[in-house]
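Structural overview
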Amino acid sequence: MATDIQISIVGSAGDGTIAAGEILRGALAGMGYKVISFDVYPPEIRGFGKCIARMRITTEQAYSLKHKSDVLVSLDDSHAIPHADEVRECGAVIYERGSIVQLPEGGHMSAHIGPGQLPYPVPIRELSEKSTGANRSRNIVVLGFLAGLLKLPAEAFQKAIAKKFKRKAAAAEAGEAAFRAGQDFAAQTFKLDDVLFGPPVSTVVAGATVEMISGNAAIVRGALDAGIDTFFGYPITPATSIMERLATEMPKRGGRLLQTEDEIAAISAVVGAGFAGARAATSTSGPGLSLMAEMLGMGVIGEVPSVVFVSQRGGPSTGMPTKTEQSDLHMAVYGGHGDAPRIVIAPTNVDGCYRCGGKAFEMAEAYQTPVIVLIDLYLSNRYETVVFPSRPPFEADTNRKPGKLAAGAQYKRFALTADHISPRAIPGEKGNMHVVTGLEHNELGRPNDSAEMHEAMSRKRHEKLKAALRHPDFTHFKRFGDEGPVDVGVISWGSTFGECLEAMIKARGEGIRCAAMKVVMLSPFPTHGVTAFMTDCKQVLVPELNYQGQFANLLQANVARPVTRLNRVSGEPMKVEDILDEIRRLAGRKAAQKAA
Amino acid sequence: MATAKNVRHHVVIGSGVAGSQAAETLRECEPDARVTILTLSSLLFYNRYDLPKVFRGHRDWREFLAYPAEYYRERRIGMRRCSRVAGVDAKRRAILLDHKEEIRFDTLLVASGGRGYVPEELSEFRPLMHPFSSYTEAMVAANEVPDRGHVIMLGGDMIGLDLARTLLDTRHRVTLVAGPQTFWPHEVGADERPGLVAALEKMGIEVVEGADAGGIASIEKGARGLSSRRVLFKDGTELYGDVVMPFFGLVPSVEFMLGSGVDIERGLLVNPALRTTNEGIYAAGDVCQIWSDAERRYRFYYGWKNVRAMGDLAARNIAGGADPWVPAQDETLHVTADGNIQSPFWEYE
Ligand SMILES: Cc1cc2nc3c(=O)[nH]c(=O)nc-3n(C[C@H](O)[C@H](O)[C@H](O)COP(=O)(O)OP(=O)(O)OC[C@H]3O[C@@H](n4cnc5c(N)ncnc54)[C@H](O)[C@@H]3O)c2cc1C
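Residues numbered from 1 in each chain as written. Chains lettered and ligands numbered in written order. Predicted model: local features only at pLDDT ≥ 70, side-chain atom pairs only at ≥ 80, totals over all residues. Heavy atoms only, no water.

Our next topic: the overall build of chain B. Check the secondary structure of chain B and you find six helices and 22 strands. Here the C-alpha radius of gyration of chain B, 21 Å, is about what a compact globule of 349 residues would show, namely 20 Å. C-alpha atoms of chain B, sized along the principal axes, occupy 65 × 40 × 35 Å. Residue pairs in contact within chain B that sit at least 24 positions apart in sequence constitute 62% of those at least 6 positions apart. Carbon and sulfur atoms provide 48% of the accessible area of chain B, an area that totals close to 15,100 Å². Both charge centroids of chain B, one from 41 positive and one from 48 negative side chains, sit 6 Å from each other. (Helix = DSSP H or I, 4+ residues; strand = E, 2+ residues; numbered from the N terminus. Rg over C-alpha atoms; globule rule 2.2 N^0.38 Å. Contact = heavy atoms within 4.5 Å. Areas by Shrake-Rupley, 256 points an atom, 1.4 Å probe, with all protein chains shown as cover. Lys, Arg positive; Asp, Glu negative; His and termini not counted. Charge placed at Lys NZ, Arg CZ, Asp CG, Glu CD.)

Okay, here's the thing in structure tokens:
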């Protein structure tokens, strides 16, 4: 039996909601299931905001979270109640049976459980207090209850609990006791919902390792596997955990990390380190990227390899720090003054974060330019099971080195070559002395603002990037679904592509000829591949999480064809159902057909 | 839970036959009113006379539901499951749920039915018995009884005897430890009893007469062979079975109404219009005792058809009617010419 179950745990900051999610997905991934998960944190301090740990557990590969959950666990009814209608028919709602305070009408979860859903009141607080002497382990009690109800092996959870509290013996002990209390209570509860786990399917490939990892953690892993030397950064949600993880990992590998005073300092240091020959990076979000715009231009004109990981959130300005959005694409591709082309790549899933996280360094070095890896909060915080190859799939050195200089010749850092890429010397190399400034320059790097030179250098800076469209072992774009002509083609980018893929698969299941294309390389734009795809499509749908249709704008600037835009700015991931409805509409499906 | 101030809120306690019928009638009579059912049950309404089907292999709860979820959505009947009423404040028109939520009502219909009665002297053995009054209990019992297993039935009310028919039909063995509650709710005269017991034996039930609940010394767990229960009688005799099921009739579920201000004897006392002693609070079903002008006493009317008719009548009266109660089924127990038992209690749609 194939497993496809989505569990949402909703609580208040301080309830241990996210920790419960972490343990649950760790246990399930450890059992061999594929897991995609996405946590939502509040922007506020402890004790106020809503936390959601949401995960989809499957045996077949899934690409996004589902619109409806199979199980909702409430650790705090005031936050969970608005999510009650997200539970499917015959799905389970698990909630605190009693309250210690007087509630107004409707203040209890039982008031909001629909007639098709199955209620499971559990004395969560009481079980926690009885088993541990405190109510702090309520989150673990519900995990025990879940494990008991859904007949999941306790060992996998015990391992995950032990791992979570490995440095806190008392918490680990309390966790064990609370888990057992929840599990014992479930043993006395008659199971009514139809949420069933089938056996996991083994995905172990010889030599590979399977890990449950978040998008940000995958970026870090990619950067480390590609041999990052230095990192400079300033914390900002949702990118902070990239820096935090690197701060732990880099010193172990001889790398260096510095928290700078702001984003301008961070990008300046990255460009400096890149100039000095290091594989250097920073991470930020939209507001930080704005601050970095000027210095990115310096990286472009100086042709300095530098990597910027950008995790988008709701904007503009401080906007919605804990909500997801894909609205920094214009900024990433076009942001800044002057003609400042750069490479922008946008992975569509966690595995892609790993690959882009490493490939960014290869590309920055090979094409001597800033590279922006554009993700968003949804992808940063999303966990997926990823299969890591036995050897990192990244080249350690893609720099085009200068040959031996002819006697009396001068090293030209910006030599005009056939493919527009100049041999790059690292400062300090004997005989290859050169100058890099923010001024327009000649081949030697000396200031020169003649019309000819600016034209030649502008061409060089743009044309050299075309080679990135053939960068080896990299998926620039990819088509899925029906081959040949189709009624509807869905093109998307970044985190939204998972939802597009799910919608496309469902549409095909309804008999609609449909295909989907993900575009990972956003700049330079893979015009040929995308044009070929669009030629096959009667209708093209472009779903994305921004108001303007930033990717659609980019697409239409490169391929002159009409598209249908589907834009959402709810701060939440796109809904598969919304995309599917639009596919149906474009395919000319009537409501009756849809229902049938 | 925002509702317009002038919309009446009708609350029904209980999602059995009476409560469910009442909610449907209330919705028909008052399309704009708010109708909410509060119930202990975790499932939507099902007919409990269907429960013996678990022994015929029907195990999925969905097969038992009288109506799909859509029925409640379409009729805008609020369904609050797993919600135990802890108390009612008639003056303030407020209900307090066990989990400390307060619900205000304009009118209240109490249809909380009854729960299985177990004689005091046997109550210490409750954990060793398998009641059969809800889907969950039915499933637990069914999972416990092996193929061709042996069920020891204590008491033997009409609910139990109905189950016995199915058990025998599905090749189980049934021993009835008969007593004063055998044939409840029918009142059986001493002269009728031997004929009725003979009819039970003809059905295939092994009847242990005279060894009523008062004669049971203990019930024990773990016994010889496959059997997992031993019933030890005071006279030293013993019985072995897979499960022991109590069927001693029902006691009305009224504890949450104590202190509410309405009159209670064993059940909630209602006038022929099914109104309690408090205006705005009605009762229907197994929980209420209705004033009978003819008999000059408050009395219970059992049986599925009666209970449903009570739910319907109470709702119509809540909506402004003033019709009196007329029983919907007769109450006599017969033995047919060919020796079979015939009870109006066993007639349902
Ligand atoms: C196994 C079985 C077989 C039966 N077979 C037959 C038969 O063949 N023929 C026949 O005529 N009758 C039969 N009956 C009896 C019949 O089911 C009852 O007469 C009928 O169910 C009574 O209906 P009611 O609505 O009054 O109460 P019930 O059906 O008992 O419903 C009471 C409701 O009140 C709720 N409730 C109770 N206390 C509270 C509280 N404190 N807070 C919130 N909710 C509460 C319960 O959850 C339940 O939903 C059978 C009963 C059983 C158990």
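Read on for the rest.
Moving on, we get to the sheet that holds strand 5 (residues 94-97) of chain B. All names here are of chain B. The three strands are arranged 4-5-6 in an open sheet whose pairing can be described as antiparallel. Two strands bound the open sheet, and with one partner strand each, they are strand 4 (85-89) and strand 6 (102-104). Direction aside, the axes of adjacent strands within the sheet are offset by 20 degrees on average. Bridging between strand 5 and strand 6 involves three bridges; their strand directions are antiparallel. Directly across from Ala-94, in strand 6, lies its bridge partner Arg-104. (Pairing = 2+ DSSP bridges. Axes fitted to C-alpha atoms, helices over the stretch in contact; angles between N-to-C directions.)

Residues and elements named next belong to chain A. Strand order in this open sheet of seven strands is 9-8-10-11-13-12-18, and the pairing throughout is mixed. What marks the edges here is a single partner per strand, and that holds for strand 9 (256-259) and strand 18 (521-523). Across the sheet, the mean angle separating the axes of adjacent strands is 20 degrees when strand polarity is ignored.

Our focus in this paragraph is the domain arrangement of chain B. The parts lose accessible area when they come together, and the size of an interface is often stated as this lost area. Residue and element names in this part refer to chain B. Domain assignment breaks chain B into domain 1 (9-113 + 253-318) and domain 2 (117-249). Computed from C-alpha coordinates alone, the two centres of domain 1 and domain 2 are separated by 29 Å. In this assembly, 14 residues from domain 1 lie in contact with 19 residues from domain 2. Here domain 1 packs against domain 2, burying approximately 1,500 Å² in sum over the two surfaces, 69% of which is carbon and sulfur. Ranking the residues of domain 1 by area buried against domain 2 places Phe-55, Arg-56 and Arg-59 at the top, with a combined share of 44%. For the pair domain 1 and domain 2, the interface holds one salt bridge. Here Asp-169 makes a salt bridge to Arg-56, at a shortest N to O gap of 3.0 Å. (Domains from an automatic or database assignment. Buried area = accessible area lost by both parts, 1.4 Å probe. Salt bridge = Lys/Arg side-chain N within 4 Å of Asp/Glu carboxyl O.)

A few words on the site of the ligand. All names here are of chain B. Near the ligand, the surroundings consist of 31 residues, among which Arg-48, Val-85, Asp-286, Trp-304 and Phe-345 are the closest. Backbone polar atom of Ala-18 to an oxygen atom of the ligand: 2.9 Å apart, as the coordinates give it. In this structure, Ser-41 approaches the ligand through a main-chain N or O atom, which is 3.5 Å from an oxygen atom. Calculation on the ligand without its partners gives an accessible area of 980 Å², and the protein chains cover 94% of this total. If you list the elements that add at least two residues to the shell around the ligand, you get helix 1 (17-29), helix 4 (158-169) and helix 6 (304-318). (Near = heavy atom within 4 Å. Polar contact = N/O pair within 3.5 Å; in protein donor to acceptor, adjacent residues only side chain to side chain.)

Residues and elements named next belong to chain A. Within strand 19 (residues 537-544), six of the eight residues are buried, which leaves the element mostly enclosed by the surrounding structure. When strand 16 (residues 486-492) meets strand 19, the two strands line up parallel, connected through four bridges. When the bridges of strand 19 are listed, Gly-489 appears paired with Val-540. Judged from the four bridges that link them, strand 19 and strand 20 (residues 564-567) form a sheet pairing that is parallel. Bridge pairing in strand 20 links Val-542 to Arg-565. The parallel pair strand 19 and strand 20 is bridged by helix 17 (residues 550-558), and the resulting crossover is right-handed. (Buried < 20%, exposed > 50% of the residue type's maximum accessible area, 1.4 Å probe, protein only. Right-handed = clockwise from strand over helix to strand, strands pointing away.)

In this section: the interface of chain B and chain A. Facing 27 residues of chain B, the contacting portion of chain A comprises 29 residues. Carbon and sulfur atoms make up 57% of the surface buried where chain B meets chain A, a total of about 2,100 Å² over both sides. There are three salt bridges connecting chain B and chain A. In this structure, the connection of chain B to chain A is made through 13 residue pairs in polar contact (both at pLDDT 80 or more). When contributions to the side of chain B that touches chain A are tallied by element, the ones reaching two or more residues are helix 2 (69-74), strand 3 (77-80), strand 6 and helix 3 (135-144) of chain B. With four residues, helix 3 of chain B is the largest single contributor of residues to the side of chain B that touches chain A. A per-class count over the side of chain B that touches chain A returns 13 nonpolar, five polar and nine charged. (Nonpolar A, V, L, I, M, F, W, Y, C, P; charged D, E, K, R; others polar.)

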